[in-house]
There are 2 protein chains.
Amino acid sequence: MSYTDLDTPMRTIMTPGPVEADPRVLRAMTTPIIGQFDPKFLELMNETMDLLKYAFQTNNKWAFPIDGTSRAGLEALLCSVIEPGDKVLIPIFGRFGYLLQEIASRCNAEIHTLEKEWGEVFDPEEVIEAIKRVKPKLVVIVHGETSTGRLQPLEEIGRFCRENDVLIAVDAVATLGGIDVRTDEWCLDAVITGTQKCLGVPSGMAPLTYNERIEKILKARKKIERGLSEFSSNSRRIQSNYLDLSQIQDYWGPDRLNHHTEATSMLYGLREGLRVIKEEGLKARFKRHKLHEKALVAGLEAMGVALFGDTEHKMTNVTCIKVPEGIKEEDIRRTLLEHFGVEIAAAFGPLKGQILRIGSMGYSCRKENILKVLGALEATLIKYGAKVNRGEALQTALGIYENVDQLAATV
Amino acid sequence: MSYTDLDTPMRTIMTPGPVEADPRVLRAMTTPIIGQFDPKFLELMNETMDLLKYAFQTNNKWAFPIDGTSRAGLEALLCSVIEPGDKVLIPIFGRFGYLLQEIASRCNAEIHTLEKEWGEVFDPEEVIEAIKRVKPKLVVIVHGETSTGRLQPLEEIGRFCRENDVLIAVDAVATLGGIDVRTDEWCLDAVITGTQKCLGVPSGMAPLTYNERIEKILKARKKIERGLSEFSSNSRRIQSNYLDLSQIQDYWGPDRLNHHTEATSMLYGLREGLRVIKEEGLKARFKRHKLHEKALVAGLEAMGVALFGDTEHKMTNVTCIKVPEGIKEEDIRRTLLEHFGVEIAAAFGPLKGQILRIGSMGYSCRKENILKVLGALEATLIKYGAKVNRGEALQTALGIYENVDQLAATV
């Protein structure tokens, strides 16, 4: 068997991740390797921490990536904070809530869940009532649930937790950098994200931030590994070595205590992705995601495609549509991919086969991509015999974009 | 604070990792993202598995990367195999043996260790005697211990384990792709490596392989996560979700069960690094590492620098030298880096300040790098007043290279 030069097709990736990486990020990743303790590399690590604080909207001391994909970041936080028997409350409104439950259960937490039908979110009061009842050490909750395209309001829950000395950790994997996530203002103790969605960076890192309330727990559970100092034992030690935030913090902090070998090229890429975000500005970035969502949604509605879920709690960067009667969702996805080079996503669990999910995240969230997916979807639905309003989707979307252009021109 | 374009110095990285990435690998990493379930990406994943089997010299069914740095691979294997109370034997002959102990202890293993003074390796008989005494479920051992530059012979130990139904897992992070590692022939049940050393790929992935003896344990401990299927409980469940090999295997296998989002660009890079290895050929690659070691060692000896440790068990890709009397090792390293752009490594634990470690791994293992480090080191030692045989190192190394060229020319 011979292995050819990498020869991948060009794709327009309109899924909820991984999405297209910003070309600037990919170019940054070709920068030659420098050592992990090279003074220049330490400078880049520090800059990345600062840039992350901007993206997380936080003044926390700690913000750094875990070298692994998003769930590595979730597990790092959970296994570093949860001790066996700790009460953890997990409000679940889709697949990724189950993942939090799965990870927390492997940390031997005493888990309490609340569940919502897929497609809905929690009224903050429901969660607050559960917190009063359960009195958990920690609440863990998803911000943007890509499996249903729904966004959970967090501010009231965060404030209630802070006032009542309960910790709250948030899975913002799908939202950070595309949808407003106010770590400090919403009183979130820890926020975890991934690189492959709204940050425009390839999958492989999980940036997170946490405050001094979390740091206090890490300090109490700290155990320096043998070979670096005398054997230190701690009955409260964190169950993972690789995902031990107390150690990773010492590697990112001024002590530079050797833990892993930081993923050099991914760090270059993350820094560049964050620099792009800083240059665009978070506000402008959220506005861009809203604009393209507006064009996409209006186009889909004009086409006659039914949207899934309520509008009020819709994520701006994920749009779920109902699969038209009599058509197989696989046929739609396959045709889009094979003929148009457009990738959209299937669904999980109870929604599998019922809905399709269109992402508009980070670098993928661009006018030409929105127009391409609308045009390709219309042709695909017509091919499979769906009743659509021919030609309307693109005219409607173009109208929205031109309107914005005119508004901008008259300012 | 403004963040400039990435502007890193060019370095000649002669440490035991991370070392220079092959430019072909860095170029491959700029390939645009495609989705994790894109048919083309699945093909690339399968090719990477095949290429890994070549590098691991195995016919095992399973060989894939963990998305994390080397120790993520070590922990994935250990936490997936070790159950609380399992007897694990760890022969330790340097820092990375302690790391294995550290990780295994967090899996609640009953740990038995053997220790050697740093700089020595175990006589296989010593380990075999300990296996007879302890009767462990698993032996975990480092192949190439970069903290001392020593290579542990594994064949006899592996065969004894196989004959006596004991499992053996090997940390080949520093050796695979640069030094012979015969997974099948030596009867190794699991072998773990990292990308940032002899594979010539940036840090961030930990390829591993394991056989059906390990797979049987994974199968017994398997627990499919909720949200993907009905809740499955298993009292023997693996303590990590991210590093759960039974789940990661289902993601790499034909079921393609969603686990993490594979690190796209790193996978492109790994495949290219492995393709480079296949093209060069393992035998030629090991020979290249030996040749450059020969030139480096001869040059150092000609210079009058003392080597650390015995010759018989020296790793070909790590050369440890004693810090000349009266000179601070930091001064040597700083001068090399600041003035010559050459990075070599300090030492850990009992050897800190006593020795310096020079790596010659993967893409960094090239004639111009060997000559550069010799020339730069001589100048640096002279600058700090060490007594060296001026001018001898490079003449000796050149002599070795020219001799090889002549041999090649006369074949």
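Residues numbered from 1 in each chain as written. Chains lettered and ligands numbered in written order. Predicted model: local features only at pLDDT ≥ 70, side-chain atom pairs only at ≥ 80, totals over all residues. Heavy atoms only, no water.

J.: Kindly report on the environment of Lys283(B), identifying the contributing residues and their values.
T.: Mapped onto the fold, Lys283(B) is located in helix 10 (residues 282-303). Sequence separation of Lys283(B) and Ile179(B) is 104 residues, and the distance between their C-alpha atoms is 9.2 Å. (Helix = DSSP H or I, 4+ residues; strand = E, 2+ residues; numbered from the N terminus.)

J.: Help me get a handle on the layout of surface pockets, residues and values and all.
T.: What the second largest pocket holds in volume is close to 980 Å³. In this structure, the second largest pocket is lined by 47 residues; those nearest its centre are Gln36(A), Phe37(A), Asn258(A), Phe348(B) and Arg357(B). Of all elements in the fold, only helix 3 (70-81), helix 4 (95-106), strand 6 (144-145) and helix 11 (329-340) of chain B reach the threshold of two or more residues within the lining of the second largest pocket. It is helix 11 of chain B that provides the largest number of residues to the lining of the second largest pocket, a total of five residues. (1 Å grid on protein atoms, 1.4 Å probe; cavity = no way out; pocket = protein on both sides within 12 Å on 5 of 7 lines; lining within 4 Å. Points joined across faces, edges and corners; volume = space filled by probe spheres on them.)

J.: Let's hear about the domain arrangement of chain A: which residues, and what values?
T.: All names here are of chain A. Parsing chain A into structural domains produces domain 1 (21-278) and domain 2 (282-410). For domain 1 versus domain 2, the distance between C-alpha centres works out to 30 Å. Contact with domain 1, which involves 31 residues of that partner, is made by 23 residues of domain 2. On the surface where domain 1 and domain 2 come into contact, there are one salt bridge. Residue Asp 310 pairs with Arg 150 through a salt bridge whose shortest N-O separation is 3.0 Å. Counting across the domain 1 and domain 2 interface gives nine residue pairs in polar contact (both at pLDDT 80 or more). For the side of domain 1 that touches domain 2, the secondary-structure elements that each account for two or more residues are helix 2 (39-56), helix 4 (95-106), strand 6 (144-145), strand 7 (150-151) and helix 9 (264-280). Of the residues contributing to the side of domain 1 that touches domain 2, the split by class is 15 nonpolar, ten polar and six charged. (Domains from an automatic or database assignment. Contact = heavy atoms within 4.5 Å. Salt bridge = Lys/Arg side-chain N within 4 Å of Asp/Glu carboxyl O. Polar contact = N/O pair within 3.5 Å; in protein donor to acceptor, adjacent residues only side chain to side chain. Nonpolar A, V, L, I, M, F, W, Y, C, P; charged D, E, K, R; others polar.)

J.: Summarise the interface of chain A and chain B; cite the residues concerned and give the values.
T.: Contacts between the two partners involve 85 residues from chain A, matched on the other side by 84 residues from chain B. Summed over both sides, the interface between chain A and chain B buries roughly 7400 Å², with carbon and sulfur atoms accounting for 54% of that surface. Where chain A touches chain B, the interface holds eight salt bridges. Measuring nitrogen to oxygen at the nearest pair gives 2.5 Å for the salt bridge that ties Arg11(A) to Asp38(B). If you look at where chain A meets chain B, you find 39 residue pairs in polar contact (both at pLDDT 80 or more). Those elements that place two or more of their residues in the side of chain A that touches chain B are helix 1 (23-28), helix 2, helix 3 (70-81), helix 4 and helix 9 of chain A. No other element matches the eight residues that helix 4 of chain A contributes to the side of chain A that touches chain B. Among the residues making up the side of chain A that touches chain B, the classes are represented as 34 nonpolar, 26 polar and 25 charged. (Buried area = accessible area lost by both parts, 1.4 Å probe.)

J.: Residue-level account of the sheet that holds strand 4 (residues 110-115) of chain B, with values.
T.: All names here are of chain B. Read from one edge of the open sheet, seven strands run 2-10-9-8-5-3-4, paired in mixed fashion. Across the chains shown, the open sheet's two edge strands, defined by having one partner strand only, are strand 2 (62-66) and strand 4. Averaged over all pairs of adjacent strands, the angle between strand axes in this sheet comes to 20°, irrespective of strand direction. (Pairing = 2+ DSSP bridges. Axes fitted to C-alpha atoms, helices over the stretch in contact; angles between N-to-C directions.)

J.: I'd like a description of the relation of the copies chain A and chain B, backed by residues and values.
T.: With an RMSD of 0.0 Å, the operation that places chain A on chain B is a rotation of 180° combined with a shift of 0.0 Å along the axis. Look at the turn and shift together and you get a two-fold axis relating the two. No C-alpha of chain A lies nearer the rotation axis than that of Gly68(A), which sits 2.4 Å from it. Residue by residue, 99% of the interface of chain A is reproduced at the interface of chain B, so both copies engage with the same surface. (Least-squares fit on C-alpha atoms with pLDDT ≥ 70 in both.)

J.: Got a sec to walk through empty space enclosed by the protein? Specific residues and values, please.
T.: Overall, the coordinates contain two cavities of 30 Å³ or more when judged by the stated rule. Taken together, Asp67(A), Gly68(A), Gly204(A), Ala263(A), Met266(A), Asp67(B), Gly68(B), Gly204(B), Ala263(B) and Met266(B) form the lining of the largest cavity. Broken down by class, the residue content of the lining of the largest cavity amounts to four nonpolar, four polar and two charged.

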